[in-house]
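# Coordinate inspection notes
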Amino acid sequence: MTLINLTKKLDRMDRQYQKRKGKNNTLRRIIVTILIVLVAILVPSFFIFTGAKSASNHAKWLIAGYKEQNFDQIKGEVKELKNSLRQVDWALTSLFWMRIIPIVGGYYSDAKGLASATVDGMEAADTIIANLEPVKAELGFDGRPKAGPDRMTQTVKILDKSLPILDKVEDNFKKAAEAVSNIDTGKYPESIGGKVVRKNLELAKNFIMGASVAVSEGREALAKAPDALGVDSTKEYLILFQNDKEIRPTGGFMTAFATLTVNKGQVSATTSDDIYRLDEKLLDVCLTKICPLSPPAPIVKYLPEVTGKERSAWSMRDSNISPNLPTAAEEFERMYELLGEGLPFDGIIYIDSQVVEEVIEVTGPIDVFETKYSSEIDKRCNCPNVIYELESYAEIAAKGEKDRKAILGVLMQQILAKALGADVERLPELVATIARLANHKHIMFYMHDQNFQNALGQLNWIGEIKEYDGDYLHINDANFAGGKTNLYVTQEVTQEIKIEKGKVIKKITINYENPQPFNSWLNTINRDYIRFYVPKGSKLLSGTGADEEVRQIEDDLGKSVFETFITVRPKNSRTLRIEYEVPYDPKGEYKLLIQKQPGAKDFKYKIKINASQKAEFELDQDQEFKFDL
């Protein structure tokens, strides 16, 4: 073998060795990388699993401690629960790199946000409990379980004693709310393996964010709550039930009323009846004296008597013609005082059928006068059973049948009893549900204590039409003798804004649709009196698609107002358009406030500026926008 051949052979052997070595190194690197990734995932996952399991156990023992009224156990379990949640939060922090993984990163961020929020929440709870320890005996932690009403009394006492501590925990609640604010609960499945997922996640998010709002924006309302709940003296409230399936300006046709008595936190519903009883009483009074009850123009024009005769008197059930709830409440009370009984209540609480439906969904079915009320879908109306039964009762009341029963008060008594006696585990869901219903204008308040009314106004719980220094829109519908059609009628609203040389021209398009077939008392022809509340000084340019012309009428509530009337038949649709000029000159930023009508569904909205779509959303509560120009 020549030297040249030997050299070539050695070179070939060397290349083969290097190739095998390279393959081995690559394999080694792959194995090492896999091991590192496994360790990076498995170790934190172990701590997440054990921490979550520990947190679950301590949460159960915490609830048990509260049921047994054992303050020391509550205090200890709060600390242990906080430590377990910290372990979960720490383990999730070590998985930070998962944020960059498509799709997975979004779910990781949600989990991390929720974990951080619960830690902050338990920090706040730990601080509050430590400060309440000196007065635990006064608060009633005596080692003896309490019934529902007594638990409510104790809750009011705890709230009263906690007020001075809120400054210490406000930052904790604020950080918790920020941590969960971007969680999109809609992307999660309803359930996994038979366990409810989306609803529980929504409950957790709403509860955390609601606590932050209560401690910051609702501080004044919390400060007034003990007095409003009868700590010092018994309070009486009138509840007015508005049927949102027959929408009216403040939320619905007033169907019934009930009286609520609150004494040291204990709540009971006393007298109740349908609204027609009050109107019958008012009519009897007005037969013997002059009553100033001339109906406003829209009622005269669009709401004739059953006989077709023009309406000549204004009744209590139609007193909510103003879209501003405080104005409507004042009108109702003016009529009530004509009865000669004064005002034997400290304020009015307005609720609609959505409230009854959602609270029953939490408490479970309720039986009243041998009728079952539940949240299950009723095939007779393709709606929740409780809605069908309430609408059926409203029909009976409207006909004035003498043997009609005042079911609302009894139903509310049953709901209150079940709510107050509910398992402790369900109380957060009940509280979050009621707060959300108030935020979405299904519960509203008109209090005679002006300080309390102002405090509730800061939470946007009083149904007022607001002043605003930018563009503004409030669309207000009134179903005048159109059955319960708002159970089915939907709206889609598009706002097209054109800005040219400091001049704003705005076009609003509303698509109405009723997809359900005719029903003699539920789904007939929707007869809708519509008003648009827009910035004062706006000028109507055109209007098309209604049954009559769109008119600009007298200013109201500091706004310019356009009105018209439209009918929508079952299994049909209509499109209404208006165009107007807005006296608004945006400087680099377009500000817009849209106020939702109380009781209305969460209708779909779109906003376009200079042909560019800026937002698409469901209007579930008042919303303010600021768009860069």
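Within each chain, residues carry numbers counting from 1 in the order of the written sequence. Selection of residues for local features in this predicted model requires a pLDDT of at least 70, selection of side-chain atom pairs for listing and counting requires 80 or more, and totals for whole chains, interfaces and linings are taken over all residues. Values reported for side chains reflect all heavy atoms of the structure, with hydrogen atoms and water molecules removed beforehand.

### With respect to the nonpolar core
- Ile-349 and Leu-411 are the most contacted members of the largest nonpolar core, which totals 50 residues.
- In this description a helix means any DSSP run of H or I spanning at least four residues, a strand means any run of E spanning at least two, and both kinds are numbered starting from the N terminus. With six residues, the top contributor of residues to this core is helix α13 (residues 407–420).
- What Leu-411 contacts, discounting residues up to four positions off in sequence, is Val-356, Ile-360, Ile-366, Val-368, Tyr-373 and Leu-390.
- In this text, buried Ala, Val, Leu, Ile, Met, Phe, Trp, Tyr and Cys residues form a nonpolar core when linked through side-chain atoms within 4.5 Å. Working definition: with a 1.4 Å probe on protein chains only, accessible area under 20% of the residue-type maximum means buried, over 50% means exposed, and in between means partly exposed. Ranked by size, the runner-up nonpolar core spans 36 residues in total, among them Leu-473, Phe-532, Leu-576 and Val-582. The contact definition used throughout considers only heavy atoms, calling two residues in contact when any of these lie within 4.5 Å.

### Quick notes on the state of the cysteines
- The term disulfide is used for any two cysteine sulfur atoms that are within 2.5 Å. Summed over the entire model, instances satisfying the criterion amount to two disulfides.
- Each sulfur in the disulfide pair Cys-286 and Cys-291 lies 2.0 Å from the other. With the S-S dihedral at roughly -100°, the linkage between Cys-286 and Cys-291 falls on the left-handed side.
- What makes Cys-286 partly exposed here is its relative accessible area of 23%.
- When its relative accessible area of 17% is taken as the criterion, Cys-291 is described as buried.
- The cystine pairing of the protein chain, numbering bonded cysteines in sequence order, is 1-2, 3-4.

### Digging into the packing of aromatic side chains
- Here a pair means two rings of Phe, Tyr or Trp (six-membered ring of Trp) with centres within 6.5 Å. Their orientation is stacked below 30 degrees between planes, edge-to-face above 60, and tilted elsewhere. Counted under the stated rule, the structure contains 14 aromatic pairs.
- On the numbers, 5.8 Å between centres and 20° between planes, the contact of Tyr-605 with Phe-617 is stacked. On the criterion of sequence distance, the pair formed by Tyr-605 in strand β21 (residues 604–609) and Phe-617 in strand β22 (residues 612–618) is long-range, its members being twelve residues apart. Accessibility classification places Tyr-605 together with Phe-617 in one group, the buried group.
- Ring-pair connections join several aromatic residues into one group, and the members of that group are Tyr-302, Phe-480, Tyr-529 and Phe-565.
- Directly above the aromatic system of Tyr-107 lies the positively charged group of Lys-187, at a separation of 4.7 Å from the ring centroid. Either the NZ atom of lysine or the CZ atom of arginine qualifies as a charge over a ring when it sits within 6 Å of the ring centre and within 35 degrees of the ring normal.

### Quick notes on the packing of helix α2 (residues 71–93) against helix α3 (residues 104–132)
- It is the contact of α2 with α3, at a shortest axis distance of 9 Å, that shows an interaxial angle of 155°. Taken as axis vectors, α2 and α3 run roughly antiparallel relative to one another. Of the two elements, α2 crosses α3, and the hand of that crossing is left-handed.
- Note on residue categories: nonpolar means Ala, Val, Leu, Ile, Met, Phe, Trp, Tyr, Cys or Pro, charged means Asp, Glu, Lys or Arg, and polar means any other residue, Gly included. In terms of residue class, the contact of α2 with α3 is made up of 15 nonpolar, three polar and eight charged. In this analysis, axes come from line fits to C-alpha atoms, helices being fitted only over the stretch in contact, and the angle between any two N-to-C directions falls in the range 0 to 180 degrees. Roughly parallel here means an angle under 35 degrees, roughly antiparallel means over 145, roughly perpendicular means 65 to 115, and every remaining angle is called oblique. Helix crossings are classified by the rotation of the near helix relative to the far one: an anticlockwise turn of less than a right angle makes the crossing left-handed, while a clockwise turn makes it right-handed.

### Some points on the pattern of salt bridges
- Every case where a carboxyl oxygen of Asp or Glu lies within 4 Å of a side-chain nitrogen of Lys or Arg is listed as a salt bridge. This model, assessed by the stated rule, comprises 41 salt bridges.
- A salt bridge links Lys-245 to Asp-244; the nearest nitrogen and oxygen atoms lie 2.6 Å apart.
- A relative accessible area of 8% places Lys-245 in the buried class.
- By relative accessible area, Asp-244 is classed as buried at 5%.
- A salt bridge links Asp-318 to Arg-248, with the nearest nitrogen and oxygen atoms 2.8 Å apart. Pair noted here: Asp-318 is in the loop between α9 (297–302) and α10 (325–337) and Arg-248 is in the loop between β3 (235–243) and β4 (253–263), with a separation of 70 residues, a long-range link. Each member of the pair, Asp-318 as well as Arg-248, is classed as buried.
- Among the ionic contacts, a cluster of salt bridges with common partners joins Lys-79, Lys-82, Arg-86, Glu-123 and Asp-126.

What is shown is where atoms sit, not what they do.
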